[in-house]
Amino acid sequence: MIRIKKLVKKYPNGFLALDNIDLHVGKGEFIYLVGPSGAGKSTLLDVIFRSELPTSGDIYIDNFSLNHLKPAQVPYYRRNIGMIFQDYKLLPGRTVYDNVAFALRVMHYPRSRIHRHVSQVLELVGLSEKVNHVTAELSGGEQQRICIARAIVNNPPILLADEPTGSLDPETSWEIMQLLSKINSRQTTVLVATHNKSIVDDIRKRVVVLESGKIVRDKHFGTYDG
Amino acid sequence: MLNDIVFFLTEAVNGMRRSGMMIVISVATVTVSLLVFGIFLLVSVNITHLANFMASKLEIRVYLKDSVGESDVSMFRDRLRAMPQVKKLEYVSREEGWKQFQTSYPTMALGEMITQNPLPNSFRVFVVDDSQFVSFAKYLSSIEEYVEDVTYGDIMAERIQMLYRFCRYSGYILVGLLTMATLMIVMNTIRLTVIARQAEIEIMQLVGATNPFIRAPFLIEGFLIGVIGSLLSVGILRPMYSYLAIEFQKKVPFVPLVYDPVTLRYVYFAITGAGIFLGTVGAFIAVSRTLKTKY
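Residues numbered from 1 in each chain as written. Chains lettered and ligands numbered in written order. Predicted model: local features only at pLDDT ≥ 70, side-chain atom pairs only at ≥ 80, totals over all residues. Heavy atoms only, no water.

### Quick notes on the domain arrangement of chain B
It is common to report an interface's size as the accessible area lost on association of the parts. By the assigned domains, chain B splits into domain 1 (2-52 + 164-291) and domain 2 (59-151). On a C-alpha basis, the centroid separation for the pair domain 1 of chain B and domain 2 of chain B is 52 Å. (Domains from an automatic or database assignment.)

Next comes the structure, spelled out in structure tokens:
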């Protein structure tokens, strides 16, 4: 599904965020990316999502090289990848419905299909009751659910989550991770960058540990520390 | 497609509602800029009109030699008429000329002083292109077989021509500069509303929206700002001009102003067009700058 080869990301200020990363992610896999701040977890997701360009190396999605992606193709590429952000990145002043529907509107879905998909996905994330609320009225956990709903509403094969529980309390974090697990069980490939030790240790999946831009450990059914 | 258009329209209207004060400021800026633009346009139109009016009063008087007989006069008339520069031609016989002269200056009691008519036969010639007026007059005076003398108010004509040219070119330059200044102002104001929503634009990009898709509602907003701003400025300018023109005419009745509704309509259309153009182009440039990304 995702093959990363000799990936290097060096920022203009000289900081080496990713140092020769090689990683293979199979279809339907669930991977935790863990490691201290500045280890390169977010950068790796950003490069996959194409909000950052790599300095060298390549990423293949289903054998398509991202090095061949033209700027004008980026929006279309992103429609295959759901992205979940720590700060949710919801459109301000709009309702829950409009935020989720936006991901389908950019793909020119007809209104009736938008309605059907949005209703289904809001049901999945447990927000059916709040369709017409403006996002700012909702709690952090609820806003994160909107972000998740928006990320998966068009059924992308890949889901990336950058510290999805970073600003949430333990209980809500747990619910959010359960939700991601559920989405993963529908054969969606999921990559989660996280600091959350208890979750990594409780919901056991493949754990990839990054330190100073290098992969130092990669273990199936791993824990946060080993 | 229809889906998208409905979405873009609602997005634009909602966007404007959400921007609130920013939009009010944008519209006010566009209105004031277009007002200044419109005032200059009206002044420029009037000066051109005035210069035109004065130029149209210019005539070349061609006095014929006394030796030119009647058949020669009609031959010369045909020759003049065939010249492309000639717009209008009028023959004034020496008798007619004398009569006109006497009615023009009745107090001089010329009849008592001069018993014989001193005037030669002449043609009054009006030219098609005022800019060729002087050179054409000089050319006519070179036709020696018929022409005794040519008068055309030499210096006056040259002055009017210079004024006319000056007005026209300075008008073009001024309107050009003002259009640019207005564009800058409008663009920067709209840019502020775009910057206020930069985060929103970035989110749209992250969700997979193409640049045209993101741009469309902003273009509609710019268009609407242009429409509202220009209609407001025309709404102020029209009654203001009518009032001022009447007042001006009361005080200075001999200077002709532009009243022609067709010309004025053109001016107001131009202002509206400029507003719509500036609003839309301003929005386009403003959003495009924000849309530039690193990937």
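Right, picking up where we left off after that structure.
### So, the interface of chain B and chain A
Listed as interface residues are 18 residues of chain B and, on the opposing side, 27 residues of chain A. Taken together, the connections running from chain B to chain A amount to 5 residue pairs in polar contact (both at pLDDT 80 or more). For the side of chain B that touches chain A, the secondary-structure elements that each account for two or more residues are α1 (2-19) and α8 (198-206) of chain B. Broken down by element, the side of chain B that touches chain A gets its largest block of residues, 6 residues, from α1(B). Of the residues contributing to the side of chain B that touches chain A, the split by class is 9 nonpolar, 4 polar and 5 charged. (Contact = heavy atoms within 4.5 Å. Polar contact = N/O pair within 3.5 Å; in protein donor to acceptor, adjacent residues only side chain to side chain. Helix = DSSP H or I, 4+ residues; strand = E, 2+ residues; numbered from the N terminus. Nonpolar A, V, L, I, M, F, W, Y, C, P; charged D, E, K, R; others polar.)

### A few points about the confidence of the model for chain B
If pLDDT is low for a region, its predicted coordinates should not be looked at in detail. Residue and element names in this part refer to chain B. Of all residues in chain B, 93% have pLDDT values of 70 or greater, and the mean over the chain is 83. The spread of mean pLDDT over the elements of chain B runs between helix α5 (residues 110-113), the lowest at 62, and helix α9 (residues 211-251), the highest at 92. Here the complex is predicted with pTM 0.74, and the ipTM for its interfaces comes to 0.88. (pLDDT = per-residue confidence, 0-100.)

### Remarks on the pattern of salt bridges
One pass over the structure, following the stated rule, counts 21 salt bridges over all chains. For Asp218(A), the salt bridge identified is with Arg206(A), shortest N-O distance 2.8 Å. Here Asp218(A) is found in strand β10 (residues 214-219), whereas its partner Arg206(A) is found in strand β9 (residues 206-211), with 12 residues between them in sequence. Salt bridges sharing common partners tie together Arg94(A), Glu11(B), Arg18(B), Arg197(B), Glu200(B) and Glu221(B). (Salt bridge = Lys/Arg side-chain N within 4 Å of Asp/Glu carboxyl O.)

### Looking at unusual backbone geometry
One non-glycine residue, Asp62(A), lies in positive phi territory at about 50 degrees. Asp62(A) sits in the exposed class, given a relative accessible area of 53%. (Buried < 20%, exposed > 50% of the residue type's maximum accessible area, 1.4 Å probe, protein only.)

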